[in-house]
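Coordinate analysis (summary)
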Amino acid sequence: EIEGLFPAKKKLRIPKVACGYGTLVKLARNCGHEAEGIDFSDVMVKGAKQRYDIDLIHADFLEYDFGDRTYDAVLLYGAINNFLRPLDVAQKALTLLNPGGFYVVNHVWPDSLPEMLLGRRYWIYRPPIIGLYPERAFNQYHEQIGFELHKTKYDVQHLTLERLFGYLQARPLIRFIKRSGLSRLGMTIPIPGYARVFLKNPA
């Protein structure tokens, strides 16, 4: 999907923010791209070394000095709702992007179908989530700081049945699929209330 934003066979420079164990970083490098990962969790940094033998930047994205490095795409998946100042994150991403580069970020908004169905049991209500951002406001604020909205779409999750029913807190179904041997059955589904946003540096 990220490669499709650029001319065919272009080798990209990519930082993955809040990259966890660095799975996407490893994948991007395997595809020939120049990818870095940054995460402030010592557990994740050590885990990336153990799992993939890659070195991550162990730092807070907002505080880390990237020097004069610039990038084609800044990626932030599954973590913007953990930041206290999401527009500060976006502003820093914008300063790191080459002209025509993309900041790709996903986020959860309030009053979504899962939230209405699950109420206080909604899985997103857990530490370290700090806030949910209305979709229109999220896009408009990013445009105000200088981004061009390229596209937005429902995000998807790659889930096992066990994880899906775990999100829904459907314990009887979890017990059933474990007994029937279906707990590891995988699927890809769109998530209502979860947007993936592609923001372009028009400079």
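The structure contained in this document is the topic of the report that follows.

Glancing now at the side chain of Lys-92. Its place among the elements puts Lys-92 in helix H3 (residues 86-96). Here Lys-92 sits buried without a salt bridge, and the closest side chain of opposite charge, Asp-65, lies 6.7 Å off (N-O distance). Here the side chain of Lys-92 touches Phe-61 through a polar contact of 2.7 Å, landing on its backbone oxygen. Lys-92 has contacts with Phe-61, Leu-62, Glu-63, Tyr-64 and Phe-66, leaving out every residue within four places of it along the chain.

Any pair of aromatic rings gets described here by the distance separating the centres and the angle formed by the planes. Taken as a whole and judged by the stated rule, the model has 7 aromatic pairs. Judged by centre distance (4.8 Å) and plane angle (90 degrees), the rings of Tyr-64 and Phe-66 are edge-to-face. Between Phe-66 and Tyr-71 the ring centres are 6.0 Å apart and the planes differ by 85 degrees, which places this aromatic pair in the edge-to-face class. Taken as a pair, Phe-66 and Tyr-71 share a single burial class, namely buried. Three or more aromatic residues link up through ring pairs in this structure, and these residues are Phe-61, Tyr-64, Phe-66 and Tyr-71. Its guanidinium or amino end placed over the ring of Phe-61, Lys-92 lies 5.5 Å from that ring's centre, counting from NZ or CZ. One Lys or Arg, Lys-151, reaches over the ring of Phe-198 and ends 4.8 Å from the middle of that ring.

On inspection of all chains with the given rule, the structure shows 11 salt bridges. Residue Arg-196 pairs with Glu-1 through a salt bridge whose shortest N-O separation is 2.9 Å. In this pair, Arg-196 sits in strand E7 (residues 186-200) while Glu-1 sits in the segment before strand E1 (13-17), placing the two residues 195 residues apart along the sequence. By relative accessible area, which is 8% here, Arg-196 ends up buried. One salt bridge connects Glu-162 with Lys-178, and the closest N-O pair in it is separated by 3.5 Å. Of this pair, Glu-162 sits in helix H6 (residues 161-167) while Lys-178 sits in helix H7 (residues 171-180), and the two are 16 residues apart along the sequence. Several salt bridges converge on common partners, so that one network encompasses Glu-1, Lys-153, Asp-155 and Arg-196.

Here we take up the side chain of Asp-39. Counting through the fold element by element, Asp-39 comes out in strand E2 (residues 34-39). A polar contact is formed between the side chain of Asp-39 and the backbone nitrogen of Gly-20, at a distance of 2.9 Å. Within the structure, Asp-39 has its side chain in polar contact with the backbone nitrogen of Ser-41 (distance 2.9 Å). The residues touching Asp-39, leaving out its near neighbours within four places in the chain, are Ala-18, Cys-19, Gly-20, Met-44, Val-45, Ile-57, His-58 and Ala-59.

With that out of the way, let us pick up a nonpolar patch on the surface. A cluster of nonpolar side chains, namely Leu-113, Met-116 and Leu-117, defines an oily patch on the protein surface of about 350 Å² accessible area. Take Met-116: it is sitting in helix H4 (residues 113-118).

What follows covers the environment of Pro-202. Take Pro-202: it is sitting in the segment after E7. On the basis of relative accessibility, which here comes to 46%, the residue Pro-202 falls in the partly exposed class. Pro-202 sits 52 residues away from His-150 along the chain, and the two C-alpha atoms are 10.0 Å apart. Among residues more than four places away in sequence, those in contact with Pro-202 are Gly-146, Phe-147 and Glu-148.

Conventions used here
Residues numbered from 1 in each chain as written. Predicted model: local features only at pLDDT ≥ 70, side-chain atom pairs only at ≥ 80, totals over all residues. Heavy atoms only, no water. Helix = DSSP H or I, 4+ residues; strand = E, 2+ residues; numbered from the N terminus. Buried < 20%, exposed > 50% of the residue type's maximum accessible area, 1.4 Å probe, protein only. Lys, Arg positive; Asp, Glu negative; His and termini not counted. Salt bridge = Lys/Arg side-chain N within 4 Å of Asp/Glu carboxyl O. Polar contact = N/O pair within 3.5 Å; in protein donor to acceptor, adjacent residues only side chain to side chain. Contact = heavy atoms within 4.5 Å. Phe/Tyr/Trp six-rings, centres within 6.5 Å; stacked < 30°, edge-to-face > 60°. Lys NZ or Arg CZ within 6 Å of the ring centre and 35° of its normal. Patch = residues over 30% accessible without salt bridge, like charges linked within 9 Å, V, L, I, M, F, W, Y side chains within 5 Å. Areas by Shrake-Rupley, 256 points an atom, 1.4 Å probe, with all protein chains shown as cover.

Shape is all these values report; function is a separate question.
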